[in-house]
Amino acid sequence: MHKERTMHYAAGIDVGSLSTEAVILDSEARIVGESILETGFHSTRAAEKAFEAALAQAGLPAEAIEAAVATGYGRISVPFAAKRITEISCHALGAWRLFPDTGTVIDIGGQDSKVIQVGTGGRVLDFTMNDKCAAGTGRFLDVMAAKLEVPLGDLGRLSLEARGEATISSVCTVFAESEVVSLVARNHPREEIIRGIHRSIVHRVVSMVKVVGVQGQVTMTGGVALNQGVVALLSEELGRPVRVPAEPRTVGAFGAALHALKNGV
């Protein structure tokens, strides 16, 4: 008579500046629960709520989680995590696990962007990061969407509908906003302004790619990966396809959970 195998579970929590994600994996590294919530003012509360939501989706009690790893800028504020790992490592491992031929990861989050060179097993070989300026990040798009009175989720579609492209020359969010106001005052087509905004983000990211180089297949993670206009222009600028996971926002939490599962924390 064979003894029934016990299932083990691990969790990853990614506390970002704008959103917090939680992922729960079973012992086969399958996602059984995940959640995405706004971080808000209390990052600890956001982490706890995201964890609870992922547990509810998985149909598991907190006691079933044998290992938990936290990542993201607010990883220090996750009291139930036994270990804390940088988001660089977590995005690299998460992207590699989803697409094993990934050689370059481009992660654009709410307030920073990263380009990571990935090796075998999801190991980080090199990386560069922009965390000093909102330009080229999700926050930049938030500001521009509000200025143009367009829902954030519509930016990508509208960008692809543009027949031309406005020029946004400034790399600073404040000055770029002034350029957008000027373009609006001159009745420039909104779709073309949006495409110009996306182009300015892509130029910023491509300059970062040049620092570490691009190798293998390119995988994009983070919330901005949901913007099809940015993804299309990035593919065009890099001269190669940019792949996007089904849910790019949870890749960091997925990577954190993989670390927890692998090392047992």
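Residues numbered from 1 in each chain as written. Predicted model: local features only at pLDDT ≥ 70, side-chain atom pairs only at ≥ 80, totals over all residues. Heavy atoms only, no water.

1. Section: the packing of aromatic side chains
Note the following rule: The pairing test for Phe, Tyr and Trp rings, Trp by its six-membered ring, is centres within 6.5 Å, and the orientation test on the planes gives stacked under 30 degrees, edge-to-face over 60, and tilted for anything in between. Comment: elements are numbered from the N terminus, with helices defined as DSSP H or I runs of at least four residues and strands as E runs of at least two.
Using the criterion set out here, one finds one aromatic pair in the structure. Taking the centre distance of 4.6 Å and the plane angle of 20 degrees together, the rings of Phe 51 and Phe 80 count as stacked. With a gap of 29 residues between them, Phe 51 in helix 1 (residues 43–58) and Phe 80 in the loop between strand 4 (65–71) and strand 5 (83–84) connect regions that are remote in the sequence.

2. Overview of helix 3 (residues 138–148)
To keep it simple, the criterion reads: Throughout, exposure labels follow a simple rule: accessible area from a 1.4 Å probe, protein chains only, divided by the maximum for the residue type, with under 20% read as buried, over 50% as exposed, and the rest as partly exposed.
All of the buried residues in helix 3 are Gly 138, Phe 140, Leu 141, Val 143, Met 144, Ala 145 and Leu 148. The first or second residue beyond helix 3 is Glu 149, which carries a positive phi of 55 degrees.

3. Quick word on the packing of helix 6 (residues 190–212) against helix 7 (residues 228–238)
Counted only if it meets this: To define axes, lines are fitted to C-alpha atoms, for helices over the stretch in contact only, and angles between the resulting N-to-C directions are given on a 0 to 180 degree scale. Any angle that falls under 35 degrees is termed roughly parallel, while one over 145 is termed roughly antiparallel, one within 65 to 115 roughly perpendicular, and all others oblique. The sense of a crossing depends on the near helix, which, turned anticlockwise from the far helix by less than a right angle, makes the crossing left-handed and, turned clockwise, makes it right-handed. Should any heavy atoms of two residues lie within 4.5 Å, those residues are counted as being in contact. Asp, Glu, Lys and Arg are counted as charged, while Ala, Val, Leu, Ile, Met, Phe, Trp, Tyr, Cys and Pro are counted as nonpolar; the rest, among them Gly, fall into the polar class.
Following both chains from N to C, one finds helix 6 and helix 7 inclined at 50 degrees, their axes separated by 9 Å at the closest point. When the axis of helix 6 is compared with that of helix 7, the two are oblique. You can see that helix 6 and helix 7 cross each other, and the crossing is right-handed. Contacts between helix 6 and helix 7 involve Arg 195, His 198, Arg 199, Val 202, His 203, Val 205, Val 206 and Val 209 from the first element and Gly 229, Val 230, Leu 233, Leu 234, Glu 236, Glu 237 and Leu 238 from the second. In terms of residue class, the contact of helix 6 with helix 7 is built from eight nonpolar, three polar and four charged.

4. Digging into the pattern of salt bridges
Put simply, the rule reads: Salt bridge, as used here, is a side-chain nitrogen of Lys or Arg placed within 4 Å of a carboxyl oxygen of Asp or Glu.
For the coordinates displayed, the defined rule picks out 12 salt bridges. One salt bridge connects Glu 161 with Arg 157, and the closest N-O pair in it is separated by 3.1 Å. Within this pair, Glu 161 and its partner Arg 157 are both found in helix 4 (residues 155–161), separated by four residues, close to a single helical turn. Looking at Glu 161, the relative accessible area reads 44%, which means it is partly exposed.

5. Focus on the nonpolar core
Condition: Only buried residues count toward a nonpolar core, which is a set of Ala, Val, Leu, Ile, Met, Phe, Trp, Tyr and Cys residues joined through side-chain atoms within 4.5 Å.
Grouped together as the largest cluster of nonpolar side chains are 36 residues, with contacts concentrated most on Ile 106, Ile 197, Met 220, Leu 234 and Leu 238. Of all the elements in the fold, those that place two or more residues in this core are strand 6 (102–108), helix 3, helix 4, helix 5 (173–185), helix 6, strand 9 (217–221) and helix 7. It is helix 6 that provides the largest number of residues to this core, a total of 10 residues. Excluding residues within four positions of it along the chain, Ile 197 makes contact with Phe 140, Leu 141, Met 144, Leu 148, Ile 168 and Val 180. Val 15, Ala 22, Ala 50 and Ile 65 belong to the second largest nonpolar core, which has 18 residues in total.

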